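An overview of the molecular structure
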Amino acid sequence: MTLFSEIISQSWCQVILRQVRDRLKQQVLEMKEKFPGFRPGLAILQVGNRDDSNLYINMKLKAAAEIGISANHIKLPNTATEADVLKCIASLNADPAVHGFIVQLPLDSDKPINTEKITNAVAPEKDVDGLSSINAGKLSRGDLGDCFIPCTPKGCMELIRQTGVQVTGKRAVVIGRSKIVGAPMHDLLLWNNATVTTCHSKTSTLAEEVGKADILVVAAGKAEMVKGEWIKPGAIVIDCGINHVPDSTKASGKRVVGDVAYNSAKEKASYITPVPGGVGPMTVAMLMQSTVESAQRFLEKFQPGKWTIQYNQLNLKMPVPSDIEISRSCVPKPIEQVASEVGLLPDEVEPYGQTKAKVQLSALNRLKNQPDGKYVVVTGITPTPLGEGKSTTTVGLVQALGAHLHQNVFACVRQPSQGPTFGIKGGAAGGGYCQVVPMEEFNLHLTGDIHAITAANNLVAAAIDARMFHELTQSDQALYNRLVPSVNGVRKFSDIQIRRLQKLGINKTDPAALTKEEINAFVRLDIDPGTITWQRVLDTNDRFLRKITIGQSPTEKGFSRTAQFDITVSSEIMAVLALADGLDDMKKRFGRMVVASSKKGQPVTADDLGVTGALAVLMKDAIKPNLMQTLEGTPVFVHAGPFANIAHGNSSVLADKIALKLVGKDGFVVTEAGFGADIGMEKFFDIKCRYSGLRPHVVVLVATVRALKMHGGGPTVTAGVPLPKEYTEENLQLLANGCSNLNKQIQNARLFGVPVVVAVNAFKTDTKAELALVVQKAKEAGAFDAVECTHWAEGGKGALALARAVQRASQAPSNFRFLYNLELPVVDKIRLIAQQVYGARDIELLPEAQEKVAIYTKQGFGNLPICMAKTHLSLSHDPEQKGAPTGFVLPIRDIRASVGAGFLYPLVGTMSTMPGLPTRPCFYDIDLDPVSGGVNGLF
């Protein structure tokens, strides 16, 4: 080889390397242009902290950044176990943003780890290092287009091709038989039609074999083992070796050489790769190329943001069987499959059995930069006591959008209370062929969130009475000694006690430094029993607990008082759960909850009681949304269940936020607001959306012929009693009269500037003329569209017209706005809701309500939103007034504060906090199946 040829050979690798990198840059740029926001993703998993591994990883990260690949370096400590590594690999396998990942070898761990087990755990479609047995098997079988090739052999092959020499028919010799270079290099040359001989350090005729090679690849790991005189003149020589030999002229005392004696070999070879600077950089380039190829395969198979879901086919029957029969006939997908289909990672999912799971809030942080989908709220006209099918419509709509129109879609619904489930109302999983399944899991216990709320609520109640008892029976110093005990001779304030001291204006941290007056202020909450608003709760409708006397035991020394039990879903802790946007926010809201006032009129909070941290501990799992599925296999979040009158009646902000990120910008999240539009929808807008910052795109207003006939003057509808003939026979005049309620609720939705689609939920007794009349009246009243729905009997197919109308409405202009400004006085905010939403002429505050307005305004709570506690059976305060009454005066009996949740709730008329009490003796037609162990009976 001449000097000129040597220079060409040395620069040859660099030229090829630049060409490869430029080509990859262009390919990544084209992907980004075609799919905005998309980037190929590479993950590098390292165990330990070896210097050589750090060097190689930095080279890879630099190359990825230059090309435009999103590279993530995951570093586990050298104490990591095999299980730790496998768990991390499982997470990366499931991450759709990672298209390729490698495990940096060797694994630098103190613990024994099976390297082959680790490399084989990498998903073959992401194994861009090509080290798994599956990829190795495909290569050995010749399936080059369906596998990843180890990067060093791939780089060698690229260098050989770039020489312009045809491989076909050439004699190739590979020295080395490792799984990383030698063996795959042999297979790669073989399937490129070379005649290949594999040699190794034990080959007795090595020089002779080398002398026959047109193409020589050396990966033996021995310094300058191959001599220049062995090489066939004009051969292509690829040197993969990296060895260190002594060299006194170098500062380090050594230099890097290859497996080939370069100075003598270059005189014989037509092309030879230098060491360093030859195969090494090309290996890194091939890692980038494999990552880009993996991303291209991903794009061919999946559209970014588009789910690949296995939907369930319904076996529709007529007549429609009972809800429990339909639910039990469905075989739900494993919940891990549902989670994977919607883009959740394994470590973000905590399965509770086979059909439900908790979702970690870390998913929201991972997806924070993803665009939100379309936000749809389902509400209804003023209902009959039987309900008009909002939950059924919600499920039907998501089944139509998902299983039939193949849109990314999530339903977000409330968890039902056990009280109504065993009461008149029954379950809340939907009905017919539109259900969340399994319905018995949905309706009973679920993952225990409501039980956690019951425990947390009653912990606060117990703390209130215990604190009053001890303050009445002990001196300041005795209280102080119990609240700040000496432990091993050291007395120390806890964090929550420091907060109380700061609230009192005492800026001291040494317990011994407090004066007697400061100790008195610190230890005495001085609760006024008559101001206690915090009640005990139970998730059962038990009428005999509406008013009780506590403290009857002799141990309470005569300190008794009148109290009551509310239903659990009315607890402020439930409302806090539904409105919190994270664990820290939930804890802060808990601390702000006002449970009573002191005798000086100061609010007493949960933080003052010292229970905030304990509440957070009890609720740490409940804050995670629950994942389930519909009959047709679309995903559902079931999370939080605040009552819709004395609370805001909507599922959690967190579930909505996670779902909006998961569905992507073209997907849909459908959530349901409790009761009619005048209650649940107004609170959804003015409370939930105000706190969450989310903006809705569409309102779906559910209406039924039955309810509209009731509003038109039809006979009373009573649960458990057959419907009068007015509801089962055609009566267009009665129906037309009742459309006044429909008109008013459409106007209520439009008050907030959001397009309204009316879903006419058809019953089998409705006539075509009646359904057509409701559609006509809805459009005349200003609805964006109105459609007939038969989803109860047909599943998602019966809500296709509704789904298409919602799609169109989501593209229409929306000018969302709140009904009132928070700065308005409390009375003015109440009046605005009463007049504009309910149709009242004015409001009347009874003396107790007037007193509360003054107290809450003085205490600094006047700027909170309003959450009206009103009957759901009428737009007015009187459940007997149907249609769209006007001119009435709305009586406000009392006002209470949910300061932690963040609203004031006026009690309208005779509204109770323990609603839905049984009206007849209990007889539950429900039991365990003696064969399957499942649930039989009705909810």
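In the annotation of an unreviewed UniProt entry, the protein chain is listed under the name C-1-tetrahydrofolate synthase, cytoplasmic and assigned to Pipra filicauda. Quoted straight from UniProt, the Subcellular location (unreviewed entry) entry for the protein chain says "Cytoplasm".

Orientation of helix α21 (residues 572–579) relative to helix α22 (residues 583–592), taken along the N-to-C sense of each, is 150 degrees, at an axis distance of 9 Å. Accordingly, the angle class assigned to the pair α21 and α22 is roughly antiparallel. Between α21 and α22 lies a crossing whose hand is right-handed. Residues I573, V576, L577 and L579 of α21 touch α22, and the partners they reach there are D585, M586, R589 and F590. Its residues placed into classes, the contact of α21 with α22 shows 6 nonpolar, no polar and 2 charged.

In this section: the nonpolar core. Core analysis: the biggest nonpolar cluster contains 139 residues, and F410, M619, F637, F685, L742, V758 and L890 have the highest contact counts within it. Not counting residues within four places of it along the chain, the set of residues in contact with F637 comprises V359, F410, A411, C412, V413, P625, N626, L627, A655, I658, A659 and L662.

What follows concerns the packing of aromatic side chains. Given two aromatic rings, their pairing is described by the distance between the two centres and the angle made by the two planes. Under the criterion given, the structure shown has 13 aromatic pairs. Between the aromatic rings of F684 and F685, the centroid separation amounts to 5.4 Å while the plane-to-plane angle is 65 degrees, which identifies the pairing as edge-to-face. Per residue, the accessibility class of F684 equals that of F685, and both read buried. Relative to F816, the ring of F685 lies with its centre 5.4 Å away and its plane at 50 degrees, an arrangement referred to as tilted. Of this pair, F685 sits in helix α26 (residues 677–692) while F816 sits in the loop between α31 (800–810) and α32 (826–838); the two residues are 131 residues apart in sequence, bridging distant segments of the chain. You can call F816 buried: its relative accessible area is 16%.

This paragraph deals with the domain arrangement of the protein chain. Split by domain assignment, the protein chain resolves into domain 1 (12–293), domain 2 (323–438 + 622–811), domain 3 (450–541 + 559–598) and domain 4 (826–907). With centres defined by C-alpha atoms, the gap from domain 1 to domain 2 works out at 55 Å. Taken together, the contacts link 5 residues of domain 1 with 5 residues of domain 2. Carbon and sulfur atoms supply 70% of the area buried between domain 1 and domain 2, which totals about 390 Å² over both sides. It is S91, A94 and D95 in domain 1 that bury the most area against domain 2; as a group they hold 69% of the surface buried on that side. The tally of links from domain 1 across to domain 2 stands at 0 salt bridges.

Mapped onto the present numbering, the UniProt feature "domain: Tetrahydrofolate dehydrogenase/cyclohydrolase catalytic" (unreviewed entry) falls at residues 16–129. For residues 16–129, the end-to-end C-alpha separation is 21 Å, with 49% helix and 16% strand making up the annotated structure.

With that out of the way, let us pick up the pairing of strand β8 (residues 243–246). Side chains N243 and V245 of β8 all project onto a buried face; the interleaved residues H244 and P246 project onto a face where none is buried. Examined bridge by bridge, β8 and strand β9 (residues 254–257) share 4 bridges and lie antiparallel to one another. Counterpart to P246 in the pairing with β9 is K254.

With that settled, consider the pairing of strand β2 (residues 70–76). Relative to β2, strand β1 (residues 41–47) runs parallel, the two sharing 7 bridges. The partner of A43 across the bridge, within β2, is N72. Note that the unit made of β1, helix α2 (residues 51–67) and β2 has a crossover that is right-handed.

With that settled, the discussion passes to the sheet that holds strand β7 (residues 236–239). Taken together, 5 strands build an open sheet; the order of strands is β5-β4-β6-β7-β10 and the sheet is parallel. Single-partner strands in this sheet number two, and they are β5 (195–199) and β10 (271–272). Where β7 lies against β10, 2 bridges are found, and the strand directions are parallel. Bridge pairing in β10 links I236 to Y271. This element, helix α7 (residues 182–190), spans β4 (171–175), β5 and β6 (215–218) of the sheet and lies at about 170 degrees to β4.

Attention shifts here to the pattern of salt bridges. Per the stated rule, a full pass over the model turns up 42 salt bridges. The salt bridge involving D686 is made with R690; its shortest N-O contact spans 3.4 Å. Placement of both D686 and R690 in helix α26 is noted, with a separation of 4 residues, approximately one turn of the helix. Each of the salt bridges in this network shares a partner with another, and the network as a whole consists of E350, K620, D621 and K624.

On to the sheet that holds strand β31 (residues 842–845), then. Strand pairing in a sheet takes place through backbone hydrogen bonds and is either antiparallel or parallel in direction. An order of β31-β32-β33 is seen for the 3 strands of this open sheet, with the pairing classed as mixed. Looking at the sheet topology across the chains shown, the edges are occupied by β31 and β33 (903–908). Mean inter-strand twist for the sheet, computed between neighbouring axes without regard to direction, equals 50 degrees. Note that β31 and strand β32 (residues 889–898) share 4 bridges and pair parallel. Bridge pairing in β32 links I843 to L890. Here α32 sits on the sheet and contacts β31, β32 and β33; the angle it forms with β31, its principal contact strand, is near 135 degrees.

Before going further, it helps to spend a moment on a nonpolar patch on the surface. Taken together, the side chains of L55, Y56, M59 and I242 present a nonpolar region at the surface, about 390 Å² in accessible area. Structurally, L55 is set in helix α2.

Conventions used here
- Residues numbered from 1 in each chain as written.
- Predicted model: local features only at pLDDT ≥ 70, side-chain atom pairs only at ≥ 80, totals over all residues.
- Heavy atoms only, no water.
- UniProt positions renumbered as here; feature names shortened; annotations may be inferred.
- Axes fitted to C-alpha atoms, helices over the stretch in contact; angles between N-to-C directions.
- Helix = DSSP H or I, 4+ residues; strand = E, 2+ residues; numbered from the N terminus.
- Parallel < 35°, antiparallel > 145°, perpendicular 65-115°, else oblique.
- Left-handed = near helix turned anticlockwise from the far one by under 90°.
- Contact = heavy atoms within 4.5 Å.
- Nonpolar A, V, L, I, M, F, W, Y, C, P; charged D, E, K, R; others polar.
- Core = buried A, V, L, I, M, F, W, Y, C linked by side-chain atoms within 4.5 Å.
- Buried < 20%, exposed > 50% of the residue type's maximum accessible area, 1.4 Å probe, protein only.
- Phe/Tyr/Trp six-rings, centres within 6.5 Å; stacked < 30°, edge-to-face > 60°.
- Domains from an automatic or database assignment.
- Buried area = accessible area lost by both parts, 1.4 Å probe.
- Salt bridge = Lys/Arg side-chain N within 4 Å of Asp/Glu carboxyl O.
- Pairing = 2+ DSSP bridges.
- Right-handed = clockwise from strand over helix to strand, strands pointing away.
- Patch = residues over 30% accessible without salt bridge, like charges linked within 9 Å, V, L, I, M, F, W, Y side chains within 5 Å.
- Areas by Shrake-Rupley, 256 points an atom, 1.4 Å probe, with all protein chains shown as cover.

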